[in-house]
Amino acid sequence: MRRMVYAAIVAAGLVLAMPVAPDAQEREPVDVSSLGPQVGERIPDFALPDQYGKVQTLDSIMGERGAMIVFHRSANW
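In this numbering scheme, every chain counts its residues from 1 along its sequence in written order. Thresholds applied to this predicted model are a pLDDT of at least 70 for local features of residues and 80 or more for the giving and counting of side-chain atom pairs; totals over whole chains, interfaces and linings are not thresholded and use all residues. Side-chain measures here rest on the full set of heavy atoms in the structure, leaving out hydrogens and waters.

**Re the overall build of the chain**
Secondary structure elements follow DSSP: runs of H or I no shorter than four residues count as helices, runs of E no shorter than two count as strands, and numbering proceeds from the N terminus. On a plain count of helices and strands, the chain comes out with 2 helices and 2 strands. Listing each helix as α and each strand as β along the chain from the N terminus yields α-β-β-α. Each residue's exposure class comes from its accessible area (1.4 Å probe, protein chains only) as a fraction of the maximum for that residue type: buried when under 20%, exposed when over 50%, partly exposed otherwise. Buried residues in the chain amount to 4% of all 77 residues. In the form shown here, the chain has an accessible surface area of approximately 8,000 Å², with 60% of it arising from carbon and sulfur atoms. Areas reported as accessible are Shrake-Rupley estimates using a 1.4 Å probe. Residue values count occlusion only from the protein chains shown.

Now the structure itself:
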C-alpha cells in the first residue's frame, strides 16, 4: 500500500514539474461551427467506399434510429 501511495506522489510530482508549452496561452480559440456539419445537422448525400471496398451511401447506413458518422483523422499523413 505504501508503495502505491509513494508511486502516486512521484507521478503527480512529475506531472506538475512538466513544462507548459509556451504557446499554450497564445492559441486562438477555434470556431467549431465553421468546421463542417454540426451535431444534429443533416449531412449531404454521399457515396464512399468502406474499408472493404463496398460503396456506402447515407441511405445504406441509416438505421431505424438514424446514424452516427464519425470522422477519424489518422496520425499517419
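Further notes follow.
**Observations concerning the pattern of salt bridges**
Pairing between side chains of opposite charge can happen when the charged atoms of each approach one another. One speaks of a salt bridge when a side-chain nitrogen belonging to Lys or Arg is within 4 Å of a carboxyl oxygen belonging to Asp or Glu. This model, assessed by the stated rule, comprises 1 salt bridge. Between D45 and R42 there is a salt bridge whose closest N-O contact spans 4.0 Å. Both residues of the pair, D45 and R42, belong to the exposed class.

**Some words on the layout of surface pockets**
Over the atoms, a rolling probe the size of a water molecule traces out where space has been left empty. Approximately 440 Å³ is the volume found for the largest pocket. Here a cavity is any set of points on a 1 Å grid over the protein atoms alone where a 1.4 Å probe fits but cannot get out, and a pocket is any open set with protein on both sides within 12 Å along at least 5 of 7 lines; a residue lines the site when it has an atom within 4 Å of a point. Around the largest pocket sit 16 residues that line it, and P37, Q38, E41, I43 and I69 are the ones nearest its centre. Three classes are used: nonpolar for Ala, Val, Leu, Ile, Met, Phe, Trp, Tyr, Cys and Pro, charged for Asp, Glu, Lys and Arg, and polar for all others, with Gly counted as polar. Considering only residue class, the lining of the largest pocket consists of 11 nonpolar, 3 polar and 2 charged. As for the second largest pocket, its lining consists of 15 residues, of which F46, L48, I69, V70 and F71 are closest to the centre. Grouping the amino acids of the lining of the second largest pocket by side-chain chemistry returns 11 nonpolar, 2 polar and 2 charged. Grid points are joined across faces, edges and corners, and a volume is the space filled by probe spheres set on the points.

**Things to note about a nonpolar patch on the surface**
Here the term patch refers to residues with relative accessible area over 30% and no salt bridge, with like charges joined within 9 Å and nonpolar side chains (Val, Leu, Ile, Met, Phe, Trp, Tyr) within 5 Å. Taken together, the side chains of V30, V32 and L35 define a hydrophobic patch exposed on the protein surface, amounting to about 320 Å² of accessible area. Here L35 shows up in the loop between helix 1 (2–17) and strand 1 (47–49).

**A few points about the confidence of the model for the chain**
Should the pLDDT be low somewhere, the predicted coordinates at that spot are not to be read in detail. Summarising the model, the chain shows a mean pLDDT of 77, and 62% of its residues fall at 70 or more. Within the chain, the element-level pLDDT minimum falls on helix 1, averaging 64, and the maximum on strand 2 (residues 55–57), averaging 94. Per-residue confidence from the predictor is given as pLDDT, running between 0 and 100.

**Section: the side chain of Q56**
Locating Q56 in the fold gives a position in strand 2. Under the rule applied, a polar contact is a pair of N or O atoms within 3.5 Å (in protein, one hydrogen donor and one hydrogen acceptor; residues adjacent in sequence only if both atoms are side-chain atoms). A polar side-chain atom of Q56 sits 3.1 Å from a polar atom in the side chain of D50. When sequence neighbours within four positions are dropped, the list of residues in contact with Q56 reads F46, A47, L48, D50 and I61. Residue contacts are defined here by distance: any two heavy atoms, one from each residue, within 4.5 Å place the two residues in contact.

**Let's talk about the environment of I43**
Residue position: I43 is located in the loop between helix 1 and strand 1. Note: C-alpha distance between I43 and I69 (26 residues apart in sequence) is 9.5 Å. Among all residues touching I43, those that are not within four sequence positions of it are P37, L58 and I69.

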